Amino acid sequence: MSRTVKRAKRLTKALRAAGVRITRQRAALLDVLAEADDHPDAVELQRRAEVELPGISLSTVYRTLTALEEQGVILRHQFEGHPARFEHAETEHHDHMIDVDSGEVVEFCSDRIEQIQAEIAAELGYEIVRHRMELYVRAKRPERDVG
Ligand SMILES: [Zn+2]
C-alpha cells in the first residue's frame, strides 16, 4: 500500500472516530491532505480540494482540520506572521526554518540540537516529552566585494 493510501485511510478513520460525516467534499479534502508533503494552510488545502471536487467551504476545511488535529493525525503549526499550517503527525520528528521574506518552510533535524536539549532538560531534572523549534531565517546575500 502506498504512503498516500495509508494516510488517506488513517485520516478517514480519524474523522469517523471524531463523529464527522465523510461527505464527497470532505473525502476530496482528505485525498489532497494525504498527498501533501509540504506545510499547506487551510486556504491552500481548500484550493487543492476544489481542483478535485468544487464546493468545499473554508469553514468546512477548518472544522475538518480541527477534528483531525484533535484525533492526533495532523499537526498544526502556528508560525509567526502566517496562518496556521498543517502536516502529517506521523512524519519523523523535525524542526522548521521559516524564511521571513518568502514564507517558505524548510525542515531540518539536528542530532546535536536534540542531544543538547535532552542534556539541558536532564540537568534541570526533566525529560523532554516533545518540543517544537522554529528558526526565522533570511537567505544570506552573496558577499559583495568592498571598494
Ligand atoms: Zn514539517
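Predicted model, so just to flag it, every value in this text is computed and none were measured. (Residues numbered from 1 in each chain as written. Predicted model: local features only at pLDDT ≥ 70, side-chain atom pairs only at ≥ 80, totals over all residues.)

Colleague: What should I look at first to understand the packing of helix 1 (residues 3-17) against helix 2 (residues 24-35) in this one?
Modeller: Relative placement of two packed helices is described by the angle separating their axes and the distance separating the axes. Their axes nearest at 8 Å, the elements helix 1 and helix 2 cross at an angle of 135 degrees. As the angle between them shows, helix 1 and helix 2 are arranged oblique. Read as a crossing pair, helix 1 and helix 2 show a hand that is right-handed. When helix 1 is examined against helix 2, the residues Thr4, Arg7, Ala8, Leu11, Thr12 and Leu15 are found in contact with a partner set consisting of Arg26, Leu30, Asp31, Leu33, Ala34 and Glu35. Considering only residue class, the contact of helix 1 with helix 2 consists of 6 nonpolar, 2 polar and 4 charged. (Axes fitted to C-alpha atoms, helices over the stretch in contact; angles between N-to-C directions. Helix = DSSP H or I, 4+ residues; strand = E, 2+ residues; numbered from the N terminus. Parallel < 35°, antiparallel > 145°, perpendicular 65-115°, else oblique. Left-handed = near helix turned anticlockwise from the far one by under 90°. Contact = placed C-beta atoms within 7 Å. Nonpolar A, V, L, I, M, F, W, Y, C, P; charged D, E, K, R; others polar.)

Colleague: Is there a simple way to think about the packing of helix 2 against helix 3 (residues 42-52) in this case?
Modeller: Running from amino to carboxyl end, helix 2 crosses helix 3 at an angle of 115 degrees, the nearest separation of the two axes being 8 Å. Two packed elements cross with a definite hand, and for helix 2 against helix 3 that hand is right-handed. Packed against helix 2, whose contacting residues are Ala28, Leu29, Asp31, Val32 and Leu33, the element helix 3 presents Leu45, Arg48, Ala49 and Glu52 at the interface.

Colleague: What should I look at first to understand the nonpolar core in this one?
Modeller: As a rule of thumb, nonpolar side chains are buried together in soluble globular proteins. Formed by 16 residues in total, the largest nonpolar core has its most connected members in Leu11, Leu29, Leu33, Leu45 and Leu68. Broken down by secondary-structure element, the contributors of at least two residues to this core are helix 1, helix 2, helix 3 and helix 4 (58-70). Residues within four places of Leu33 in sequence aside, it is in contact with Leu11 and Leu45. (Core = buried A, V, L, I, M, F, W, Y, C linked by C-beta atoms within 7 Å. Buried ≥ 20, exposed ≤ 12 C-beta atoms within 10 Å, placed from the backbone.)

Colleague: Looking at this model, I keep getting lost on the pairing of strand 4 (residues 105-108). Mind explaining?
Modeller: Side-chain direction in a regular strand flips from residue to residue, so the side chains alternate between the two faces of the sheet. Pairing analysis gives 4 bridges linking strand 3 (residues 95-99) to strand 4, with the strands arranged antiparallel. When the bridges of strand 4 are listed, Ile98 appears paired with Val105. Remark: 5 residues form the turn of the hairpin made by strand 3 and strand 4, two consecutive strands paired antiparallel; Gly103 in that turn has positive phi of roughly 80 degrees. (Pairing = 2+ DSSP bridges.)

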